[in-house]
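Topology and contacts: notes
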Amino acid sequence: MREKLNDYYSVVFEPELLEEIIKVGTFKKIKENELLIDLGGTMNAIPLLLNGAIKIVREDKNGDEILLYFLERGDTCAISFASGFAKVKSRIRATTEKESEIIFIPLEKLDEWLIKYKSWRNFVIDSYNVRMNEMMETIDALAFMKMDQRLYKYLCDKALILRETSLNTTHQEIAYDLNTSRVVVSRLLKKLEVEGKIKLFRNRVDVLVF
DNA sequence: ACATTAAGTGATT
DNA sequence: AATCACTTAATGT
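All of these numbers come straight from a predicted model, not from anything done at the bench.

1. Some remarks on the side chain of serine 100
For serine 100, the position within the fold is in strand E5 (residues 92-106). Serine 100 has contacts with Lys28, Lys29, Ile30, Leu49, Asn51, Gly52 and Ala53, leaving out every residue within four places of it along the chain.

What follows is the structure in structure tokens.
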């Protein structure tokens, strides 16, 4: 656990904080496609993502979902801070996109570390910033981009986060993430393939050009 | 061989 | 861009 933590976080946290994280945090390895937190659930810990990828999805009461953003190594779910402080219910759903290793920090440490460690404070503020920007990008995409552009952006983002140009997914799953229908996704994917940007297979899409 | 699931397509709104 | 209705292709039992 120590080495894995150091891998990424040794540059962002001071040594004493790293020690504390190791002491109070719980390390977990989570398989692909596991539900981390569902709508209405409460957070009982702050996740620090060591590696892997997590998908954050918003869902309305009809069950329509829309992808907000992906988390990767070094990220944490900023929303979890808010949920953590206010102990409010989660308004998002988080699932692992691939096998991930995560350290969970107990909620009580949140306040304490904010005062105690400058690097922790920076980390929290920074995370908020990064997430906010990601969110804005998503809003822009939603508001101004056509479906075909959104689809292509989605594929590129996903390939980047997973560090894998070969995406194992179905048209239907993509449609859920973008909140559209499978038929539309199929047609647009076909178009992208003709343009030479991607290659299609059953249960798989290869991104050729970024 | 049959059922199930994923993907492709024309027509309509 | 969504929906319907249907076809074709791939995969599991």
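From this point, things continue past the structure.
2. Comments concerning the nonpolar core
One broad rule of soluble globular proteins: the nonpolar side chains tend to lie buried together. Core analysis: the largest hydrophobic core is formed by 23 residues, its most contacted members being Leu151, Tyr154, Leu155, Ile174, Leu189 and Ile198. Mapped by element, the contributors of at least two residues to this core are strand E4 (65-71), helix H6 (147-162), helix H7 (171-178), helix H8 (182-194), strand E7 (198-201) and strand E8 (204-207). Per-element accounting of this core gives the leading share, eight residues, to H6. Here this core spans two domains, since at least three of its residues come from each of domain 1 (2-142) and domain 2 (145-207).

3. Describing the protein's contact with DNA strand B
Surrounding DNA strand B, one finds Thr170, His171, Arg182, Val183, Arg187, Lys190, Phe201, Arg202 and Asn203. Histidine 171 is positioned with one of its backbone polar atoms (N or O) 2.9 Å from a phosphate oxygen of DNA strand B. At 3.1 Å, a backbone N or O of asparagine 203 approaches a phosphate oxygen of DNA strand B. With four residues, the top contributor of residues to the surface near DNA strand B is H8. A per-class count over the surface near DNA strand B returns two nonpolar, three polar and four charged.

4. Some words on the sheet that holds E8
Pairing is antiparallel in the open sheet, where three strands are placed in the order E6-E8-E7. The open sheet terminates on both sides in strands that have one partner only, identified here as strand E6 (166-167) and E7. Relative to E8, E6 runs antiparallel, the two being bridged by two bridges. The residue of E8 that forms the bridge with leucine 167 is valine 205.

5. A closer look at the pattern of salt bridges
This model, assessed by the stated rule, comprises 22 salt bridges. Across the pair arginine 131 and aspartate 75 runs a salt bridge, and its minimum N-O distance is 2.9 Å. On the criterion of sequence distance, the pair formed by arginine 131 in helix H5 (residues 118-144) and aspartate 75 in the loop between E4 and helix H3 (78-86) is long-range, its members being 56 residues apart. Judged on exposure class, the residue arginine 131 and its partner aspartate 75 are both buried.

6. Regarding the domain arrangement of chain A
Segmenting chain A into domains produces domain 1 (2-142) and domain 2 (145-207). Each of domain 1 and domain 2 has a C-alpha centre, and the two are 26 Å apart. Taken together, the 16 residues of domain 1 in the interface contact 13 residues of domain 2. Summing both partners gives a buried area of about 1,300 Å² for domain 1 against domain 2, and 51% of it is carried by carbon and sulfur. The shortest N-O distance in the salt bridge between glutamate 72 and arginine 163 comes to 3.4 Å. At the junction of domain 1 and domain 2, the tally comes to seven residue pairs in polar contact (both at pLDDT 80 or more).

7. As for the protein's contact with DNA strand C
Around DNA strand C, the neighbouring residues are Lys146, Met147, Thr180, Ser181, Val183, Val184, Arg187 and Arg202. Sugar plus phosphate: this is where 63% of the atoms of DNA strand C within 4 Å of the protein reside. Arginine 187 is positioned with one of its side-chain polar atoms (N or O) 3.3 Å from a base oxygen of DNA strand C. One nitrogen or oxygen atom from the side chain of arginine 202 is found 3.4 Å from a sugar or linking oxygen belonging to DNA strand C. Sorting elements by how many residues they give to the surface near DNA strand C places H8 first, with three residues. Looking at the surface near DNA strand C residue by residue, the classes come out as three nonpolar, two polar and three charged.

Calculation criteria
All residue numbers here refer to positions counted from 1 along the written sequence of the relevant chain. The lettering of chains begins at A and the numbering of ligands begins at 1, in the order of writing. Given that the model is predicted, a residue must reach a pLDDT of at least 70 before its local features are reported, and side-chain atom pairs must reach 80 or more before they are shown or counted; all residues, however, enter totals for whole chains, interfaces and linings. Each side-chain value is worked out from all heavy atoms of the structure, with water and hydrogens disregarded. Numbering of helices and strands runs from the N terminus; a helix is a DSSP stretch of H or I covering at least four residues, while a strand is a stretch of E covering at least two. Contacts are assigned to residue pairs that have any heavy atoms within 4.5 Å of one another. Think of a nonpolar core as a cluster: buried Ala, Val, Leu, Ile, Met, Phe, Trp, Tyr and Cys residues, connected wherever their side-chain atoms sit within 4.5 Å. Only protein chains enter the area calculation, which uses a 1.4 Å probe; residues under 20% of their type maximum are buried, those over 50% are exposed, and those in between are partly exposed. Where each domain starts and ends comes from a domain assignment, either automatic or drawn from a database. Any residue with a heavy atom positioned within 4 Å of a molecule or strand is treated as near that molecule or strand. By the criterion applied in these results, polar contacts are pairs of N or O atoms within 3.5 Å in which, for protein atoms, one can donate a hydrogen and the other can accept it, and in which residues neighboring in sequence qualify only through two side-chain atoms. Under the grouping applied here, Gly and all other residues not named as nonpolar or charged are polar, the nonpolar ones being Ala, Val, Leu, Ile, Met, Phe, Trp, Tyr, Cys and Pro and the charged ones Asp, Glu, Lys and Arg. Strand pairing follows a simple DSSP-based rule, namely that at least 2 bridges must link the two strands. Here, a salt bridge means any Lys or Arg side-chain nitrogen found within 4 Å of an Asp or Glu carboxyl oxygen. By buried area we mean the combined loss of accessible area, with a 1.4 Å probe, across both parts when two parts are placed together.

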